[in-house]
Amino acid sequence: MRNMRASTRVMAAGAAISPMTAETAEELAGQEFAGIVESHRPQIFRFLLASTRDIDLAETLTQECFLKAHRNWARFRGESTAMTWLMRIAINLQKDHWRNRRLQFWRHTRTNAVDIDEASEWLPSGERTVEQRMLAREQVEQVWKAVEGLSERQRTVFLLRYVEEQELSDIAQSTGLSEGTVKAHLSRALGKVRAELGASYEKRRSAKSGA
Amino acid sequence: MADPLLEQALGNFRQSVHAWSKAAYERPRTAAPIAVHRGWRLAASWALGCVLAAGSLTGALYKYHHRQVIEKTSVAQARRSQQLAVQQSRTNDDEDLLANVDSDISRDVPAAMEPLAQLMESSGDQ
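The rules behind these values
- Residues numbered from 1 in each chain as written.
- Chains lettered and ligands numbered in written order.
- Predicted model: local features only at pLDDT ≥ 70, side-chain atom pairs only at ≥ 80, totals over all residues.
- Helix = DSSP H or I, 4+ residues; strand = E, 2+ residues; numbered from the N terminus.
- Buried ≥ 20, exposed ≤ 12 C-beta atoms within 10 Å, placed from the backbone.
- Contact = placed C-beta atoms within 7 Å.
- Core = buried A, V, L, I, M, F, W, Y, C linked by C-beta atoms within 7 Å.
- Axes fitted to C-alpha atoms, helices over the stretch in contact; angles between N-to-C directions.
- Parallel < 35°, antiparallel > 145°, perpendicular 65-115°, else oblique.
- Nonpolar A, V, L, I, M, F, W, Y, C, P; charged D, E, K, R; others polar.

Q: Describe the overall build of chain A, with residues and values.
A: The secondary structure content of chain A amounts to 9 helices and 0 strands. The order of α-helices and β-strands along chain A, N terminus first, is α-α-α-α-α-α-α-α-α. Looking at chain A as a whole, 27% of its 211 residues are labelled buried. Summarising the internal contacts of chain A: among those between residues at least 6 apart in sequence, 61% fall at separations of at least 24.

Structural data, given as structure tokens:
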């Protein structure tokens, strides 16, 4: 399949009149995959980092994701985008990781997951006043808190939608769920985020009125 | 709660995650300390494994030796008690034989002395 794709591309360009050798096809496929790694690696890493809050683990899983993708590159039929396909691999790897950790409960594995406070220190640029920065930090912290309370599936769907800004159809393809289920998970996740933000908003308002 | 606030919070969250991920992705990698740590851990686990293996081997050998000693002792005891029983039965046999001989001797008297023997028996009874 990979050889066929590569050969079609060369034929279309009209560059090769003589039949392509297996080595050339292999080389072209390799180049194609290298391009995909370069363009999609940061996004896969970001999704895994947001899911695990562990930089080392996110890096390891990203490596595994691309290794697996490379091994199965020949089987990629192009029915979905490469990003969706890669994201599906990343989601499965992440699931396997948590399942293995649950099964190996006796093993004391070192975790480098940062806490919510530390994760909330990264603030969006462009905030000018101190008050705006404080508000942004508080909001980010509350969203992290809500995300922590979500189920694995809700968290995945939420992060894909609001961090990676993926379309519902892409999320459905990546997660293997129907669009309706994705919408339901997203709605529940948003409800929890809204509740977390609302609680803190009320707390702040009552503190202000008390003062 | 108004939706603009939720949208603002989600926007801030997205930008925060993007900023964190960018910084983490571009950070310099340090692999040496991890390798050293792993080396120590490997050595420690090997040492622990060796100690456990040696311990279990020693335990098994000690148990085997202990069992053999117990077996030897019980065999010796059985042999000794058997010898005692044989000795005792031999002594009993000798005593019976001597008693038989004694009674035979005492009964076997010449015909001429039979009346005298009867006399002795009757006096013994009295």
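Q: Account for the overall build of chain B, with residues named and values stated.
A: Counting its regular elements, chain B contains 3 helices and 0 strands. Order of helices (α) and strands (β) in chain B, N terminus to C terminus: α-α-α. In chain B, which comprises 126 residues, the share counted as buried stands at 6%.

Q: How would you explain helix H7 (residues 152-162) of chain A if you had to name every residue and give the values?
A: Counting buried positions along H7 of chain A gives 8 out of 11 residues, so the element sits mostly inside the fold. Every buried residue of H7 of chain A is listed here: Gln 154, Thr 156, Val 157, Phe 158, Leu 159, Leu 160, Arg 161 and Tyr 162 of chain A.

Q: Now, about unusual backbone geometry: what can you tell me, with residues and values included?
A: All names here are of chain A. Of note, Arg 53 is a non-glycine position whose phi angle comes to about 55°, a positive value. Here Arg 53 shows up in the loop between helix H2 (22-52) and helix H3 (55-71). Given 21 C-beta atoms within a 10 Å radius, Arg 53 is considered buried. At Glu 165, a residue that is not glycine, the phi angle is positive and equals roughly 55°. Within the secondary structure, Glu 165 is located in the loop between H7 and helix H8 (168-175).

Q: Just give me the short version of the nonpolar core, but keep the residues and values in it.
A: Of all hydrophobic cores here, the largest spans 40 residues; its most connected members are Ile 44, Leu 48, Ala 90 and Val 143 of chain A. Elements that contribute at least two residues to this core include exactly H2, H3, helix H4 (82-103), helix H6 (130-148), H7, H8 and helix H9 (179-210) of chain A together with helix H1 (3-26) of chain B.

Q: Could you give an account of the packing of H6 of chain A against H1 of chain B, naming the residues involved and the relevant values?
A: Packing of H6 of chain A against H1 of chain B brings their axes to within 8 Å, and their N-to-C directions diverge by 85°. Classified by the interaxial angle, the pair formed by H6 of chain A and H1 of chain B is roughly perpendicular. Where H6 of chain A approaches H1 of chain B, its residues Ala 136, Gln 139, Val 140, Gln 142 and Val 143 of chain A are matched on the opposing element by Gln 8, Ala 9, Leu 10, Asn 12, Phe 13 and Ser 16 of chain B. In terms of residue class, the contact of H6 of chain A with H1 of chain B is built from 6 nonpolar, 5 polar and no charged.

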